Amino acid sequence: MLPSEASAPRTGDREIETLAAFDEVMAVRGSLAGLRVQAVDLTDRTAALLGADTADAVFLGCPMTEEAAAHVRAGGALVFPPVPGLPFDPYRALLYTPDDLFAGLADGGYEVTPDARAYTWFQETKADGDVFASMLRAVHDDSVSDALDELLVGARVVGVMGGHAMARGTEEYAGAARLGRQLARDGFTVATGGGPGAMEAANLGAYAAGYDDAMLDEALVLLAKAPSFTPSVTEWARAAFAVRERWPSGGESVGIPTWFYGHEPPNAFASHLAKYFANATREDGLLARSTAGVVFLPGAAGTVQEIFDNATPNYYESRGGPAPMVLVDTHHWTHHLPAWPLLKALATDRPMDARIALVADVAEAPTALSYLSRKP
């Protein structure tokens with residue numbers, strides 16, 4: 001079980017990320033000195049701000065009255081005001097939820113959602129050389145990384161990598177969903193690239209982990225009516241939300257998508273979405289946080305890149321001892337895209353050799369992951 005993102009600051013934590021945490025700190029400490037208040041609407045907390053010590057405090061994107069802002073600055077605080085007109089909050093303190101990114105989907109379609117509008121903004125600004133836009137993207141992505149690290153404290157994270165082209169209604173999609181379900185039932189936090197295809201399937205499986213097996217079978221039938229996010233992201237996403245509405249208390253998992261690939265919408269089954277503008281930050285962050293291992297389903301160029309992005313720190317042990325790597329589908333990884341022979345050659349006579357496996361079928365992956373984790 002992942003910790004709640006809305007909890008009060010942990011002991012020694014300098015960040016205040018919710019209004020409830022702000023009120024608790026003020027009730028207990030009566031001071032904001034040295035703290036960081038991140039993306040909290042303080043419009044109705046003027047009286048508290050006027051009476052607080054704000055020496056060396058930092059306010060990141062916190063709406064407040066002009067009187068309060070002037071007072072906290074005079075008290076020694078640094079104030080970064082909200083940036084108007086953006087389809088995203090660069091200072092956001094918590095990860096996205098599917099409801100956040102798909103707001104407006106039911107009535108207006110995908111084009112009006114914050115996710116689509118953020119991608120449009122990215123397309124308009126990524127090549128214009130505006131240092132302000134670049135700074136906003138960097139601040140946003142760093143805020144997302146901070147929120148992701150806080151969420152995953154103590155979690156046993158298994159990454160599931162695979163291509164976006166895997167269609168709903170196929171046996172491959174169903175197999176990836178069953179994999180995600182089994183990993184979640186085994187106590188792992190499932191993390192994916194947060195997009196469609198194999199990524200969505202694994203997040204769906206984690207969502208279904210607390211239900212009986214019939215629920216996943218029924219959900220797969222419902223989703224198959226909109227097999228792909230092309231030609232209509234709207235219909236694809238609405239099918240997912242229909243499943244969530246019918247079975248509303250799904251299990252938690254993480255998706256780490258990117259606006260860099262604008263043709264790939266996020267999926268609605270990851271309960272926590274760490275969406276980035278910078279794909280390199282996203283890719284490295286996903287793999288680095290998969291501390292309990294990674295399962296690689298059949299994919300194309302992106303999945304091949306992820307295999308060797310993950311193999312490199314395992315080879316050099318730059319993140320400590322090598323973590324398990326399980327490649328699924330013998331034919332795919334030895335003949336279609338022969339990544340396995342190269343991976344095996346790299347691992348020879350190194351500790352990572354005891355942490356890699358190739359399995360023929362996705363159903364074998366959880367057992368292989370468990371075996372690799374136990375090997376000396």
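It should be emphasised that the depicted structure is a prediction, and the values quoted were computed from it without experimental measurement. (Residues numbered from 1 in each chain as written. Predicted model: local features only at pLDDT ≥ 70, side-chain atom pairs only at ≥ 80, totals over all residues. Heavy atoms only, no water.)

Asker: Please clarify how the environment of H164 should be interpreted in this entry.
Answerer: Within the secondary structure, H164 is located in the loop between β5 (157-161) and α8 (171-185). Here the side chain of H164 touches E264 through a polar contact of 2.9 Å, side chain to side chain. (Helix = DSSP H or I, 4+ residues; strand = E, 2+ residues; numbered from the N terminus. Polar contact = N/O pair within 3.5 Å; in protein donor to acceptor, adjacent residues only side chain to side chain.)

Asker: Just to check I follow, could you spell out the nonpolar core for this structure?
Answerer: Across soluble globular proteins, nonpolar side chains have a tendency to be buried as a group. Core analysis: the biggest nonpolar cluster contains 51 residues, and L297 and V326 have the highest contact counts within it. Among the elements of the structure, β5, α8, α9 (198-207), α10 (213-223), α11 (233-246), β10 (325-328), β11 (356-359) and α16 (365-374) are those that each provide at least two residues to this core. Sort the elements by how many residues they give to this core and α11 lands first, with seven residues. Residues in contact with L297, not counting those within four places in the same chain, are V160, M161, G162, A176, L179, A198, T303, V328, W333 and V362. Core analysis: the second largest hydrophobic core is formed by 30 residues, L2, V157, M161 and L327 among them. (Core = buried A, V, L, I, M, F, W, Y, C linked by side-chain atoms within 4.5 Å. Buried < 20%, exposed > 50% of the residue type's maximum accessible area, 1.4 Å probe, protein only. Contact = heavy atoms within 4.5 Å.)

Asker: Where do I start with the side chain of N314 in this structure?
Answerer: Counting through the fold element by element, N314 comes out in helix α13 (residues 301-316). Apart from residues no more than four positions distant in its own chain, N314 is found in contact with P322, A323, M325 and M352.

Asker: What am I meant to see in the packing of α8 against α9 here?
Answerer: Working note: a packed helix pair is described by the angle between its axes plus the distance between those axes. In contact at an axis separation of 6 Å, α8 and α9 are set at 40° when each is read in the N-to-C sense. The angle between the axes of α8 and α9 places the two elements in the oblique class. Helix-helix and strand crossings are classified by hand; for α8 and α9 the assignment is right-handed. Residues Y173, A176, A177, G180, R181 and A184 of α8 lie in contact with α9, whose contacting residues are A198, E200, A201, A202, L204, G205 and A206. By residue class, the composition of the contact of α8 with α9 is nine nonpolar, two polar and two charged. (Axes fitted to C-alpha atoms, helices over the stretch in contact; angles between N-to-C directions. Parallel < 35°, antiparallel > 145°, perpendicular 65-115°, else oblique. Left-handed = near helix turned anticlockwise from the far one by under 90°. Nonpolar A, V, L, I, M, F, W, Y, C, P; charged D, E, K, R; others polar.)

Asker: Can you walk me through the sheet that holds strand β8 (residues 272-273) in this structure?
Answerer: Sheets are built from strands paired through backbone hydrogen bonds, the pairs being either parallel or antiparallel. Strands sit in the order β8-β7-β6-β5-β9-β10-β11 across an open sheet of seven strands; the sheet is parallel. The two strands at the open ends of the sheet, each matched to only one other strand, are β8 and β11. Two strands pair when backbone bridges link them, and strand β9 (residues 294-296) and β10 are joined in this way by three bridges, in the parallel orientation. Counterpart to V295 in the pairing with β10 is V326. Packed onto the sheet, α9 meets β5, β6 (189-192) and β7 (254-255) and runs at close to 160° relative to β6. (Pairing = 2+ DSSP bridges.)

Asker: Explain the sheet that holds strand β2 (residues 36-38) here, please?
Answerer: With respect to topology, four strands assemble into an open sheet ordered β1-β2-β3-β4, the strand pairing being parallel. Strands at the two margins of the open sheet, each flanked by one partner only, are β1 (15-16) and β4 (78-80). As defined by bridge partners, strand β3 (residues 58-60) adjoins β4 across three bridges and the pair is classed as parallel. Among the inter-strand pairings, V58 is bridged to a residue of β4, identified as L78.

Asker: For this particular structure, what's the right way to read a nonpolar patch on the surface?
Answerer: Together, V131, F132 and M135 make up an exposed nonpolar region whose accessible area comes to about 300 Å². Structurally, the position occupied by V131 is in helix α7 (residues 131-151). Residue class for V131 comes out exposed when judged on its relative accessible area of 65%. (Patch = residues over 30% accessible without salt bridge, like charges linked within 9 Å, V, L, I, M, F, W, Y side chains within 5 Å. Areas by Shrake-Rupley, 256 points an atom, 1.4 Å probe, with all protein chains shown as cover. Salt bridge = Lys/Arg side-chain N within 4 Å of Asp/Glu carboxyl O.)

Asker: Help me understand the domain arrangement of the protein chain in this model?
Answerer: Frequently, the measure chosen for interface size is the accessible area that the parts lose on association. Assigned domains within the protein chain: domain 1 (15-80) and domain 2 (146-292). For domain 1 and domain 2, the distance between their C-alpha centres works out to 36 Å. (Domains from an automatic or database assignment.)

Asker: So what exactly am I meant to see when it comes to the environment of L342 here?
Answerer: The topology assignment puts L342 in helix α15 (residues 339-347). Relative accessible area serves as the criterion here: at 47%, L342 is assigned to the partly exposed category. In sequence terms L342 and F308 are 34 residues apart; their C-alpha atoms lie 9.6 Å from each other.

Asker: Explain the packing of aromatic side chains here, please?
Answerer: The geometry of an aromatic ring pair is captured by two quantities: the separation of the ring centres and the angle between the planes. With the rule as written, the count across this model stands at 13 aromatic pairs. Centroid distance Y96 to W259: 6.1 Å. Interplanar angle 90°. Geometry classified as edge-to-face. Taken together, the residues span a long stretch of sequence, with Y96 in the loop between β4 and α4 (98-101) and W259 in the loop between β7 and β8 at a distance of 163 residues. Of the residues examined, Y96 reaches a relative accessible area of 5% and is grouped as buried. Taking relative accessible area as the criterion, W259 reaches 2% and is therefore assigned buried. An aromatic cluster of three or more residues is present, and its members are F88, Y96, W121, F122, W259 and F277. When the ring centre of Y96 is taken as origin, the NZ or CZ atom of R92, which lies over that ring, is 3.8 Å away. Seen from the ring of Y315, R350 lies directly overhead, with NZ or CZ sitting 3.8 Å from the centre. (Phe/Tyr/Trp six-rings, centres within 6.5 Å; stacked < 30°, edge-to-face > 60°. Lys NZ or Arg CZ within 6 Å of the ring centre and 35° of its normal.)

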